[in-house]
Amino acid sequence: NSFVTRTNTCGELRSAHVGQMVTLYGWVQYQRQGLFLVLRDFQGLTQIIIPQDEAHSHVKELLSNAPVEAVVRVTGIVSPRPLGQENPKMPTGDIEVKAETAEILNSCKKLPFEIKDFIKKSEALRMQYRYLDLRSFQLQSNLRLRSHMVMRMREYLCNLHGFVDVETPTLFKRTPGGAKEFLVPSREAGKFYSLPQSPQQFKQLLMVGGLDRYFQVARCYRDEGSRPDRQPEFTQIDIEMSFVDQAGIQRLIEGLLQHSWPEERALIMTPFPSMTYEEALAEYGTDKPDTRFGMKIMDISDVLRGSDIHFVQNALSYPHGSIRAICIPQGVRYLTSKDLESLKESAKSQFNQEIVEIICRPDGSSKSLLTKFLGEKEQSELIRALNMQEDDVVLLAAGEHKRVCSALGSLRLLSANLLEAAGLALRDPKAFHFLWVVDFPLFLPKAENPTELESAHHPFTAPHPSDASLLYSDPTKVRSQHYDLVLNGSEVGGGSIRIHSAEQQRFVLEEVLKEDSKVLSHLIEALEFGAPPHGGIALGLDRLISLIVDAPSIRDVIAFPKSFRGRDLMGNAPDYVTPEELEPYHIQVSWPLEEKEAKKN
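Residues numbered from 1 in each chain as written. Predicted model: local features only at pLDDT ≥ 70, side-chain atom pairs only at ≥ 80, totals over all residues. Heavy atoms only, no water.

Peer 1: Sorry, what's going on with the overall build of the protein here?
Peer 2: Helix and strand counts for the protein stand at 19 helices and 22 strands. Here the C-alpha coordinates of the protein stretch approximately 95 × 75 × 60 Å along the principal axes. Out of the 601 residues in the protein, the part that is buried amounts to 47%. Counting every atom, the protein has about 30,900 Å² of accessible surface; 52% of that belongs to carbon and sulfur. Separation between the mean location of the 68 positive side-chain charges and that of the 80 negative ones in the protein comes to 3 Å. (Helix = DSSP H or I, 4+ residues; strand = E, 2+ residues; numbered from the N terminus. Buried < 20%, exposed > 50% of the residue type's maximum accessible area, 1.4 Å probe, protein only. Areas by Shrake-Rupley, 256 points an atom, 1.4 Å probe, with all protein chains shown as cover. Lys, Arg positive; Asp, Glu negative; His and termini not counted. Charge placed at Lys NZ, Arg CZ, Asp CG, Glu CD.)

Peer 1: Any chance you could explain unusual backbone geometry here in plain terms?
Peer 2: Glycine aside, a negative phi is what most residues show, and trans is what most peptide bonds show. Proline 271 follows threonine 270 through a cis peptide bond whose omega is -5°. Turning to its location among the elements, proline 271 is positioned in the loop between helix H6 (246-260) and strand S11 (274-276). Between alanine 573 and proline 574 the backbone carries a cis peptide bond, its omega angle lying at 0°. As for its position among the elements, proline 574 is in the loop between helix H17 (541-548) and helix H18 (579-582). One non-glycine residue, aspartate 391, lies in the positive phi region at around 75°. Its location among the elements puts aspartate 391 in the loop between helix H12 (376-386) and strand S16 (393-400). Phi is positive for aspartate 550, close to 60°, though the residue is something other than glycine. By the secondary structure assignment, aspartate 550 is in the loop between H17 and H18.

Peer 1: Where do I start with the domain arrangement of the protein in this structure?
Peer 2: Quoted interface sizes are often the accessible area lost when the parts come together. By the assigned domains, the protein splits into domain 1 (15-106), domain 2 (141-275 + 434-556) and domain 3 (293-422). For domain 1 and domain 3, the distance between their C-alpha centroids amounts to 63 Å. (Domains from an automatic or database assignment.)

Peer 1: Got a minute to help me understand the packing of helix H11 (residues 337-351) against helix H13 (residues 401-421) in this structure?
Peer 2: Angle between the axes and distance between the axes: these two values describe a pair of packed helices. Contact pair H11 / H13: the axes reach a minimum separation of 10 Å and the direction vectors enclose 145°. Remark: the crossing between H11 and H13 carries right-handed chirality. Here Asp339, Leu343, Ser346, Ala347, Gln350 and Phe351 of H11 lie close against H13, whose contacting residues are Arg403, Ser406, Ala407, Ser410, Leu411, Leu414, Ser415 and Leu418. Residues that form the contact of H11 with H13 fall into these classes: seven nonpolar, five polar and two charged. (Axes fitted to C-alpha atoms, helices over the stretch in contact; angles between N-to-C directions. Left-handed = near helix turned anticlockwise from the far one by under 90°. Contact = heavy atoms within 4.5 Å. Nonpolar A, V, L, I, M, F, W, Y, C, P; charged D, E, K, R; others polar.)

Peer 1: What should I look at first to understand H13 in this one?
Peer 2: Owing to its 3.6 residues per turn, the α-helix brings residues three or four apart onto one side. Given a rise of 1.5 Å per residue, 21 residues ought to cover 30 Å, and the 30 Å separating the end C-alpha atoms of H13 matches this to within 8%. At the N-terminal end of H13, a side-chain oxygen is found 3.2 Å from the backbone nitrogen of lysine 402, two or three residues along, and the residue is glutamate 400. Once H13 ends, the next one or two residues include glycine 423, with phi positive near 110°. (Expected span 1.5 Å × (residues − 1). Polar contact = N/O pair within 3.5 Å; in protein donor to acceptor, adjacent residues only side chain to side chain.)

Peer 1: Sorry if this is basic, but what is going on with the nonpolar core here?
Peer 2: Side chains that are nonpolar tend, in soluble globular proteins, to be buried together. Membership of the largest hydrophobic core comes to 49 residues, with the highest contact counts inside it found for Ile239, Ile253, Leu257, Phe434 and Leu485. Looking at this core element by element, the count peaks at six residues for helix H4 (residues 137-161). Leaving out residues up to four positions away in the same chain, leucine 257 has contacts with Met153, Ile268, Phe272, Phe434, Leu485, Leu539 and Leu544. (Core = buried A, V, L, I, M, F, W, Y, C linked by side-chain atoms within 4.5 Å.)

Peer 1: Explain a nonpolar patch on the surface here, please?
Peer 2: A contiguous nonpolar patch, built from Tyr131, Phe560 and Met570 and spanning about 300 Å² of accessible area, is present on the exposed surface. For phenylalanine 560, the location among the structural elements is in the loop between H17 and H18. What makes phenylalanine 560 partly exposed here is its relative accessible area of 46%. (Patch = residues over 30% accessible without salt bridge, like charges linked within 9 Å, V, L, I, M, F, W, Y side chains within 5 Å. Salt bridge = Lys/Arg side-chain N within 4 Å of Asp/Glu carboxyl O.)

Peer 1: When you look at the sheet that holds strand S1 (residues 21-32) in this model, what are you seeing that I'm missing?
Peer 2: Two modes of strand pairing occur in sheets, parallel and antiparallel, and in both the strands are linked by backbone hydrogen bonds. Reading around the circumference, S1-S2-S3-S5-S4 is the order of the five strands in this closed barrel, with mixed pairing throughout. Between one strand and the next, the sheet's axes are offset by a mean angle of 55°, whatever the strand orientation. Bridge analysis of strand S2 (residues 36-40) against strand S3 (residues 45-49) gives five bridges, and the strand direction is antiparallel. Within the sheet, the bridge partner assigned to leucine 37 lies in S3 and is isoleucine 48. Lying on the sheet, helix H1 (residues 57-64) is in contact with S1, S2, strand S4 (71-80) and strand S5 (95-106); it crosses S5 at an angle near 75°. (Pairing = 2+ DSSP bridges.)

Peer 1: Got a minute to help me understand the pattern of salt bridges in this structure?
Peer 2: When their charged atoms lie close together, side chains carrying opposite charge are able to pair. Evaluated as defined, the whole model comprises 37 salt bridges. Here arginine 146 and aspartate 542 are joined by a salt bridge, their closest N and O atoms 2.8 Å apart. Highlighted residues: arginine 146 in helix H4 and aspartate 542 in helix H17, separated in sequence by 396 residues. Residue arginine 146 shares its accessibility class with aspartate 542, and that shared class is buried. For lysine 348, the salt bridge is made with glutamate 354, and the minimal N-O distance between the two is 3.0 Å.

Peer 1: Teacher, can you tell me more about the environment of isoleucine 548 here?
Peer 2: Relative to the elements of secondary structure, isoleucine 548 occurs in helix H17. For the pair formed by isoleucine 548 and leucine 145, sequence separation is 403 residues and the distance between their alpha carbons is 9.4 Å. In this structure isoleucine 548 touches Leu145, Met149, Trp261, Pro262, Arg265 and Phe432, once residues within four positions along its chain are discounted.

Peer 1: Can you walk me through the sheet that holds strand S9 (residues 213-221) in this structure?
Peer 2: The sheet built from eight strands is open, its strands ordered S6-S9-S10-S22-S21-S20-S17-S11 with mixed pairing. The open sheet terminates on both sides in strands that have one partner only, identified here as strand S6 (164-165) and S11. One ladder, built from five bridges, connects strand S21 (residues 490-497) with strand S22 (residues 534-540); its direction is antiparallel. Counted as the bridge partner of glycine 495 is isoleucine 537 from S22.

Peer 1: How do you make sense of the layout of surface pockets when you look at a structure like this?
Peer 2: In this structure, the second largest pocket spans a volume of roughly 1,000 Å³. As for the second largest pocket, its lining consists of 32 residues, and the residues nearest its centre are Pro574, Asp575, Tyr576, Val577 and Leu582. Those elements that provide at least two residues to the lining of the second largest pocket are strand S7 (183-185) and H18. It is H18 that provides the largest number of residues to the lining of the second largest pocket, a total of three residues. The residue makeup of the lining of the second largest pocket, split by class, is 16 nonpolar, five polar and 11 charged. (1 Å grid on protein atoms, 1.4 Å probe; cavity = no way out; pocket = protein on both sides within 12 Å on 5 of 7 lines; lining within 4 Å. Points joined across faces, edges and corners; volume = space filled by probe spheres on them.)

Peer 1: Whenever I open this one, H12 confuses me. Can you help?
Peer 2: Of the residues making up H12, those classed as buried are Gln379, Leu382, Ile383 and Leu386. In an axial view of H12, the angular spread of the buried residues amounts to 95°, which keeps them on one side of the axis. Within H12, the exposed residues directed more than 90 degrees away from the buried face are Lys377 and Arg384. Looking at the buried positions of H12, the neighbouring elements they touch are strand S12 (298-299), helix H8 (301-304), strand S13 (321-328), strand S14 (356-360), strand S15 (366-367) and S16. Just beyond H12, the residue with positive phi is asparagine 387, at close to 55°. (Arc of directions from axis to C-beta.)

Following this line, the structure appears as structure tokens:
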């Protein structure tokens, strides 16, 4: 309560304060029949007794007529609640304040929605009146936890480990590859700035500059359009170090998270487990596995290799063909026929992958289209290999390894959602399972043109030392020194050891990625001036906090987020500007015909 005129907050009064004269400020949460009201501020609620005697009639009239969410100052005496009227659900539930004087500091007009966490309101309405939504206890709690974690991270990095907090420019130039960047016009005709998708180049240049250890709570920007649960502007905990290897970065991040982890959440244990990219894909069908539950993908190629099943033999005839499956525990009991059909349809529509189901009957036998092609011995071997129990359902896929694994990985998560919706507890919502995923490929085929390559992480990632020679002979086989941090099936961080050789960086850009290296001439030249070996990582702060507080969306941990389509519904941004305002930037807007007509009308 320093620097302000209140004596206490609305969440701190207890029995020990009985008899004290206090002054509280807050919003009217609700008022009941002119007898009492509940006052709310950032810390909690306090019950205010409205005086009924003639001497305080003006106070009674003022508080009885105060609308919900009006801002009020109340001065009064802390009293114990009458016996039997205590409220154990409120931290201040043993006391009440008998109002002596009061003042309405600001009234409140009719609200678009009630300021209560349990009241359902549309996302668009919440965004339009974000300043009202921020009054909810849940958003207040989320933002305060976020603030506390960032403060503890600064403490760990700067005070305990000598990192330097450096602000890097927001106006820069386009970076080859990666996500699309927002363009900002300049007064030089035809020239544009770009808003950086990360401070990647600057933090590497800081290492060239000898800063040794850099850190920043960095604002980043990506023009990715309508992508669910993404924001065009977001926040990273950005880190770079000189003379470090992959293990050093991993130890730093594990210590950082342990130091800043909220005390009220389950403890996290270090070191975090690690898994290669190939292992993650083979066992979970994704490079960001949710390891809170089993249902791993199993390779049953050898079990069925001797069968006469046509589609199995066809799949195994290809160089990367395999037969894999997941076992859904108690699937018969918890999943309907419609659920199973929707799972198969999902694999078909998203991955062009056919799925065959196998059901384990109570007598231990299996029911499937496959059984008529398999003898009893082969059926028993299959059930044993899949470790099937009574009422389990197996989903089997045959085909190209990566496609099969990706399809089954998706079905694994969809099945888990269906099982939990039906009442089977599968994932502990209070558990936090961190995982390092390492040894990613350095390059991947471009989706639009598989004969060309693109960086799996970004073009500054160094090749794995064991594969360095392959960079010049067969770059598709090169692993990278790229590492991702995964939490409960979501990527919360990613980093790499960087290329610090100008020659190698130029080769990657020009010969492998076929990019114009002149765009990055400043960085390549810097590498020629004694650049130290260096590496780093960025943690996605919004995603990390949303997982810690179990928020349904990252928008619930950002004070003023954008909508699904990247709009600010409160301030109506982006917005039109006049031709006169565009003139200094040498820009003219070419309006589509329908928009021209709309503007005329």
